[in-house]
Structures are given as C-alpha cells and as structure tokens.
Amino acid sequence: MYAVQISDRATFVHKSKELGGPVVVVRTATVIPVQQGSAVLMHPAVTIEYAIEFEDRTMGPTRWTFREVVLTDNRGEALISDSLWGMLSEESIPVRIIQRSGSF
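In short, a report on the structure. The model shown is predicted, which means the values in this text are computed figures rather than measured ones.

### Topic: the pairing of strand β2 (residues 23-36)
- Note that β2 and strand β3 (residues 39-56) share 13 bridges and pair antiparallel. Its bridge partner being in β3, T28 is matched across the sheet by T47.
- Between β2 and β3, which pair antiparallel in sequence order, lie 2 residues; one of them, G37, sits at a positive phi of approximately 70 degrees.

Dropping the structure here:
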C-alpha cells in the first residue's frame, strides 16, 4: 500500500468528499508545551490522525493521512472548531472513530 501524509486540509477534505467517506479517525491524548509569560506549561491536548484509503490508478491501493494536535479545555474536551474535524463535520463527511485515549 502506498502511503502519503497530506499537509493541506482542503486537499484532504476534497478527496474525502469525492470518495464519500468514511474517514478513519484515531485520537491519542498527549501534552504540548505552551508558553504563558515567562513560564512554559504542559497543556493537555489530543493528537488526531485522519486516514482515507482508495485505489489510485497509477499507485494502486493508497492511504492518505493527516495529523494535527488540538488543545483541550479544562474538562479534557478537544477544541475542534478550527480543526480538520470541524471541516469534515461542515461537509457532512462520515467518520469512523477509533479512540486510543482522550476525549472529544
């Protein structure tokens, strides 16, 4: 299988819409450093990895992935409005969630 990591959200959404879904979503809890004044705090976040699989005419079976890290609020829920997740929801593209840890 040919695998490509896509860095452009619009390209990923366009291909997902063309295929009709579903997009496989894997979430993993993590922490990232966030600077506040002169201090650096470790802020809870969720790494979200999206994947679509399709048959490419020249490459054969192909998997596109897109990965992003999204901050969480103080209750542990991901702030997803500006993420690829939000774009997929707006376009009504079906998703299949595989949750390793963390919450949505």
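### Re the side chain of T72
- Residue placement: T72 occurs in the loop between β4 (60-71) and α2 (84-90).
- Polar contacts involving the side chain of T72 include one to the main-chain carbonyl oxygen of P44, which spans 3.0 Å.

### Notes on the environment of Q35
- Mapped onto the fold, Q35 is located in strand β2.
- At 3.0 Å, the side chain of Q35 and the backbone oxygen of G37 are in polar contact.

### What about the pairing of β4?
- Here strand β1 (residues 2-5) runs beside β4; their pairing, made up of 4 bridges, is parallel. Pairing of Y2 across the sheet is with T62, part of β4.
- Pairing of β3 with β4 involves 12 bridges; the strand directions are antiparallel. In the strand pairing of β4, I52 is matched with W64.
- Turn length for the β3-β4 hairpin, with the two strands adjacent in sequence and antiparallel, is 3 residues.

About the cut-offs
- Residues numbered from 1 in each chain as written.
- Predicted model: local features only at pLDDT ≥ 70, side-chain atom pairs only at ≥ 80, totals over all residues.
- Heavy atoms only, no water.
- Pairing = 2+ DSSP bridges.
- Helix = DSSP H or I, 4+ residues; strand = E, 2+ residues; numbered from the N terminus.
- Polar contact = N/O pair within 3.5 Å; in protein donor to acceptor, adjacent residues only side chain to side chain.

From the geometry alone we can't say anything about function, so treat these as descriptive.
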